[in-house]
Amino acid sequence: MSFDVAAARAQFPILQRRINGHPLIYLDSGASAQKPRAVIDAMSGAMEGSYANVHRGLHTLANETTDAYERARESVRRFVNAAEVNEIVFTKGATEAINLVASSFGKRLTAGDEIIVSQMEHHANIVPWHFLRAAKGVVLRFTPVLENGALDMDAYRALLGPRTRMVAVTHMSNVLGTVNPVAEIIQAAHAAGVPVLLDGCQAIVHMPVDVQALDADFYVFSGHKLYGPTGIGVLYGKRDRLLDLPPYQGGGEMIRTVTEEAITYAEPPHRFEAGTPAIIEAIGLGAAIEWLETLDRGAIVAHEAGLLDRVTERLDGVNWIKVIGQAPGKGAIFAFNMQGAHAHDVAQILDRYGVAVRAGTHCAEPLLRRFGATSSVRASFALYNSLEEADAFVDALHKAQTFFA
Ligand SMILES: Cc1ncc(COP(=O)(O)O)c(C=O)c1O
């Protein structure tokens, strides 16, 4: 198989849109990706053809919907190569998945216990741990980021100590594009008897992920960045790790028995899925994964790297662009600042040319502070972006620069 970008683009109805008289060039997929026809059809098909609440019913529609929901869980299992389907917990998103682990795992932590994160984390992988700092006196240790955007692995190893209880780091930075050496991070943590949570929000989109090969204890991601819908995300947890976690939220579905005096809990994953889940959204995520499985992911990796290379080469030596993040092997995210211009103004001018990019802190304030910036512009590429779009983005940047020169 090889990757046919035109055929892939044809699957995304929204790419027909024009913005301010120009064809849409969507370079904000790192925030949320567009949806292929397969996802749209699976979700509306479920609502039109077979819908009821899951797990509790004895009628045909309830059984069909339960099957579809559980099939989606199996698709996720296959996609990340988890050993068992019960290791896949559906959440509202990556943010909720991290909050779940921090809250449940954190119940047993005491003052002085340490959590290692990194300076390049999204706030979703900082704030839930900060809650433990405020509530329990848990200490947060931030692994520094080197000038080129790579993680300082020597510093990381030095941070691992007798009080470390968890390492929680991103697999791929949503600003720098850095792909962290997660296998090495996990090996070092495990050698110290410490479990590892990987934030796979960005990585899962751009590279095949095998949680068993990585030996990750927890792996989280959101559906909406993976060409699926909002409102659905995944917490993968090794069976023993999930069994060891107390419940996160209480309600229907997560119990085995309830009496006036006591409760016993269901096994994972249901223990962590209190209440009616995001049924249609889970089906949509399953459809996104099944659609991705029809494509050659290796070829997509190469295609996206080609887009980043094109932009990087064309802007090489341009003295009015400062790129943030140049670690070797980085993924298809291009964050930068334009000399003399605020990132918000750059984004608004690019929008006049139909180019959608993100500007701001990208929910990564410690990272931007590390690079002496208060904001930046971010172009993030997806499988549906073409080389022509990469060129049009650079052309639009040149035009934008004339506003500030
Ligand atoms: C690396 C990373 N982690 C976590 C998140 C949070 O994802 P969500 O808002 O879907 O929960 C994002 C979203 O931008 C992200 O890029």
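In case you missed it, the structure is sitting above this.
So, here's what we can say about the structure.

Definitions and limits used
Residues numbered from 1 in each chain as written. Predicted model: local features only at pLDDT ≥ 70, side-chain atom pairs only at ≥ 80, totals over all residues. Heavy atoms only, no water. Axes fitted to C-alpha atoms, helices over the stretch in contact; angles between N-to-C directions. Helix = DSSP H or I, 4+ residues; strand = E, 2+ residues; numbered from the N terminus. Parallel < 35°, antiparallel > 145°, perpendicular 65-115°, else oblique. Left-handed = near helix turned anticlockwise from the far one by under 90°. Contact = heavy atoms within 4.5 Å. Nonpolar A, V, L, I, M, F, W, Y, C, P; charged D, E, K, R; others polar. Pairing = 2+ DSSP bridges. Disulfide = S-S within 2.5 Å. Buried < 20%, exposed > 50% of the residue type's maximum accessible area, 1.4 Å probe, protein only. Near = heavy atom within 4 Å. Polar contact = N/O pair within 3.5 Å; in protein donor to acceptor, adjacent residues only side chain to side chain. Salt bridge = Lys/Arg side-chain N within 4 Å of Asp/Glu carboxyl O. Expected span 1.5 Å × (residues − 1). Arc of directions from axis to C-beta. Core = buried A, V, L, I, M, F, W, Y, C linked by side-chain atoms within 4.5 Å.

1. Overview of the packing of helix 4 (residues 94-106) against helix 5 (residues 127-136)
Item 1. Axis separation between helix 4 and helix 5 bottoms out at 8 Å; the angle between their running directions is 25°. It follows from the interaxial angle that helix 4 and helix 5 lie roughly parallel. Helix 4 and helix 5 meet at a crossing whose hand is right-handed. Contact residues: helix 4 offers Ile98, Asn99, Val101, Ala102 and Gly106, while helix 5 offers Pro128, Trp129, Phe131, Leu132 and Lys136.
Item 2. Counted by class, the contact of helix 4 with helix 5 contains seven nonpolar, two polar and one charged residues.

2. Quick look at the sheet that holds strand 6 (residues 139-143)
Item 1. Spatially, the seven strands line up as an open sheet ordered 4-10-9-8-7-5-6, and their pairing is mixed. Of all strands in the sheet, those with a lone pairing partner are strand 4 (88-91) and strand 6, marking the two edges. Each strand axis lies, on average, 20° off the axis of its neighbour in the sheet, ignoring direction.
Item 2. Note that strand 8 (residues 196-199) and strand 9 (residues 218-222) share three bridges and pair parallel. Within strand 9, the position partnered with aspartate 199 by the bridge is valine 220.

3. Here we look at the state of the cysteines
Item 1. In the structure shown here, the tally under the stated rule is zero disulfides.
Item 2. With no disulfide partner, cysteine 363 has as its closest neighbouring cysteine sulfur the one in cysteine 201, 11 Å distant.

4. A closer look at the pairing of strand 9
Item 1. In terms of residue burial, strand 9 counts as a mostly covered element, since five of its five residues are buried.
Item 2. Alternating residues of strand 9 divide into Phe218, Val220 and Ser222 and Tyr219 and Phe221, and every residue in both groups is buried.
Item 3. Relative to strand 10 (residues 233-237), strand 9 runs antiparallel, the two sharing five bridges. Counted as the bridge partner of phenylalanine 221 is valine 234 from strand 10.

5. A look at the site of the ligand
Item 1. In the vicinity of the ligand, the contacting residues are Ala94, Thr95, His122, Ala124, Thr170, Asn174, Asp199, Cys201, Gln202, Ser222, His224 and Lys225.
Item 2. Contacts to the ligand include lysine 225, whose side-chain N or O atom sits 2.5 Å from an oxygen atom.
Item 3. Tallied by class, the residues present in the shell around the ligand amount to three nonpolar, seven polar and two charged.

6. Some points on unusual backbone geometry
Item 1. Note the cis peptide between proline 268 and proline 269, where omega equals 5°.
Item 2. Tracing the chain through its elements places proline 269 in the loop between strand 12 (263-265) and helix 11 (279-292).
Item 3. Unlike most non-glycine residues, glutamate 253 shows phi in positive territory, near 80°.
Item 4. Here glutamate 253 shows up in the loop between helix 10 (239-244) and strand 11 (255-258).

7. Details of the sheet that holds strand 16 (residues 358-360)
Item 1. The antiparallel open sheet is built from four strands, whose spatial order is 13-14-17-16. Two strands lie at the open edges of the sheet, namely strand 13 (321-324) and strand 16, each paired on one side alone. This sheet shows a mean twist of 30° between the axes of neighbouring strands, independent of strand direction.
Item 2. Helix 13 (residues 343-352) contacts strand 14 (333-338), strand 16 and strand 17 (376-380) of the sheet and is inclined by roughly 160° relative to strand 16.
Item 3. Here helix 15 (residues 387-404) sits on the sheet and contacts strand 13, strand 14 and strand 17; the angle it forms with strand 14, its principal contact strand, is near 15°.

8. Looking at the pattern of salt bridges
Side chains carrying opposite charge are able to pair once their charged atoms draw close together.
Item 1. Applying the stated criterion across every chain yields a total of 25 salt bridges.
Item 2. A salt bridge links arginine 165 to aspartate 113; its shortest N-O distance comes to 3.2 Å. Here arginine 165 is found in strand 7 (residues 164-170), whereas its partner aspartate 113 is found in the loop between helix 4 and strand 5 (114-118), with 52 residues between them in sequence.
Item 3. Given the relative accessible area of 28%, arginine 165 is considered partly exposed.
Item 4. Each member of the salt-bridge network shares a partner with another, and the members are Glu84, Arg239, Arg256 and Glu267.

9. Observations regarding helix 2 (residues 37-49)
Item 1. When the terminal C-alpha atoms of helix 2 are compared, their 17 Å separation across 13 residues agrees well with the 18 Å that a helix rising 1.5 Å per residue should span.
Item 2. Turning to helix 2, its buried residues are Val39, Met43 and Ala46. The arc that holds every buried residue of helix 2, seen down its axis, measures 65°, which confines them to one face. Turned more than 90 degrees away from the buried face of helix 2 sit Glu48 and Gly49, all of them exposed.
Item 3. In this structure, the buried side of helix 2 is in contact with helix 11.

10. Some remarks on the nonpolar core
Inside soluble globular proteins, nonpolar side chains tend to come together where they are buried.
Item 1. Counting residues in hydrophobic clusters, the biggest one holds 80 residues, and the most contacted among them are Val167, Tyr219 and Leu383.
Item 2. Considering each element in turn, this core owes the most residues, ten residues, to helix 11.
Item 3. Setting aside residues up to four positions removed in sequence, tyrosine 219 forms contacts with His171, Leu198, Gly200, Ala203, Ile204, Val209, Val211, Leu214, Val234, Leu235 and Tyr236.
Item 4. In this structure, Ala332, Val357, Ala396 and Leu397 belong to the second largest nonpolar core, which totals 30 residues.

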